[in-house]
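Structural overview
Each chain is listed here by its residues.
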Amino acid sequence: MAAGNPSGRRVRGSREGKAFEPPARLLEPLLAARRPFLCTHIYPDGDALGSTVALSRILRANGAAPSVLLTHPAPEKLSAADREGIAAVLDGEPTAAQCAEVAGADAIIVLDTSDPDRLGRLEGPVFASPAPKLLIDHHICSDPGIFDVAWSVPESPSTGNLVLRIHEAIGGELDRPTADALFVAIATDTGWFQFSNATPEAFRAAAVLRGAGVDPEALHREIHERSTPERTRALGEVLAGLRIELGGRVAYGTFTAADRSRHGVPLEELDGFIDALKQVRGAEIVFLIVELSPGRFKVSLRSKGAVDVHPVASRFGGGGHAKAAGCRLEGTLAEVADRLVAACREVFDERGVAGA
């Protein structure tokens, strides 16, 4: 791993026991890197895009020449996180030039996921590169040994919060585009500060970013009040096909590849559909099944109460948080739905035994 600090900037060390303060073992290679390569998970959401773009801007302000490459385009509504188009997007498999860019990096920084599979087509080039690999994430890291440095803080509201802490540890001005990117990251991952992960750390960050010039009302309008007619009709179809199971404790919707083709809505524009299902009274778990290709499905899960949906996702090789998780399954739509409902039933049963 690279040592030293060519930037000449002083790294302000973290105080012991402060989970949100980045450790020197992370800050030192971050500042030493001159050609860092940044990436995040497939189908990037607001936190993935915002935290990655923001860190790229922070490193560039400190003299580095970072590059950002996404496996899939982010939803257009999240464009406020990257108005300057810093993040490039793969068009199929990585090109020879893109693979060379990864191989030539002097640090690879993975944000918002610790699962190699979630890097999609970038998994091979990333882990084939000799560069040190640094993880910055707020999910539970099941195998930190695959990274040279793994800074995973599950208590953090978002990965964006951790990137803001990095900026504060390094010092320097927080410009408006970087602040906007971080606000998008934090606000979207906390449900605009409504979810249970909207902790004091989330509001502390919001105050800092507001002070840097962020306009929350304008960003909310841009993200949540500009749905296309096609997307709105598609959401209506999902809601019209709502299924209720387990005496009303589970509600779910489906969206097939044929539905997507009929409405002309790309996968990235389905972001937020799951939240509409949470309106159902009495439902403790809601999930959305989206067909990616014949026999392959992406599932998003949300909890409305005390129940933890992470165990449901983990049963199928997925993960996430107690209130928001996801996984991928194969089979027919009916088989996938039945397996998910059965897993929800098991979680409810286990919770009942535990509470007895």
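Residues numbered from 1 in each chain as written. Predicted model: local features only at pLDDT ≥ 70, side-chain atom pairs only at ≥ 80, totals over all residues. Heavy atoms only, no water.

What to know about the packing of aromatic side chains
By convention here, two paired aromatic rings are described through the distance between centres and the angle between planes. All chains considered together, the criterion is met by 6 aromatic pairs. Connected via pairs of aromatic rings, a cluster forms that spans Phe183, Trp192, Phe193 and Phe203. A cation over an aromatic ring shows up here: Arg249 above the ring of Phe348, its NZ or CZ 3.9 Å from the ring centre. (Phe/Tyr/Trp six-rings, centres within 6.5 Å; stacked < 30°, edge-to-face > 60°. Lys NZ or Arg CZ within 6 Å of the ring centre and 35° of its normal.)

Brief notes about the sheet that holds strand 6 (residues 149–152)
Sheet architecture is open: 6 strands sit in the order 3-2-1-4-5-6, paired in parallel fashion. Where the open sheet ends on each side, the last strands, each with one partner, are strand 3 (87–89) and strand 6. Strand-to-strand twist across the sheet, computed as the mean angle between neighbouring axes with direction ignored, equals 20 degrees. Bridge analysis of strand 5 (residues 133–137) against strand 6 gives 4 bridges, and the strand direction is parallel. Its bridge partner lying in strand 6, Leu134 is registered against Val149. (Pairing = 2+ DSSP bridges. Helix = DSSP H or I, 4+ residues; strand = E, 2+ residues; numbered from the N terminus. Axes fitted to C-alpha atoms, helices over the stretch in contact; angles between N-to-C directions.)

Considering the environment of Glu225
One can find Glu225 in the loop between helix 8 (216–224) and helix 9 (229–240). When the C-alpha positions of Glu225 and Lys77 are compared, they lie 9.1 Å apart, and in sequence the two are 148 residues distant. Here His220 takes part through its side chain, which lies 3.4 Å from a polar atom of the side chain of Glu225. (Polar contact = N/O pair within 3.5 Å; in protein donor to acceptor, adjacent residues only side chain to side chain.)

Comments concerning the pattern of salt bridges
The final tally for this structure, using the stated rule, is 18 salt bridges. Each of Glu76, Arg83, Glu222 and Arg226 takes part in one network of salt bridges that share partners. (Salt bridge = Lys/Arg side-chain N within 4 Å of Asp/Glu carboxyl O.)

Brief notes about helix 5 (residues 159–170)
Counted at 1.5 Å a residue, the expected span for helix 5 with its 12 residues is 16 Å, and the 17 Å between its end C-alpha atoms agrees. For helix 5, the tally of buried residues reaches 11 of 12 residues, placing the bulk of the element in the interior. Where helix 5 starts, the residue carrying a side-chain oxygen 3.2 Å from the main-chain nitrogen of Gly160 turns out to be Ser158. Positive backbone phi, approximately 95 degrees, marks Gly171, located one or two places after helix 5. (Expected span 1.5 Å × (residues − 1). Buried < 20%, exposed > 50% of the residue type's maximum accessible area, 1.4 Å probe, protein only.)

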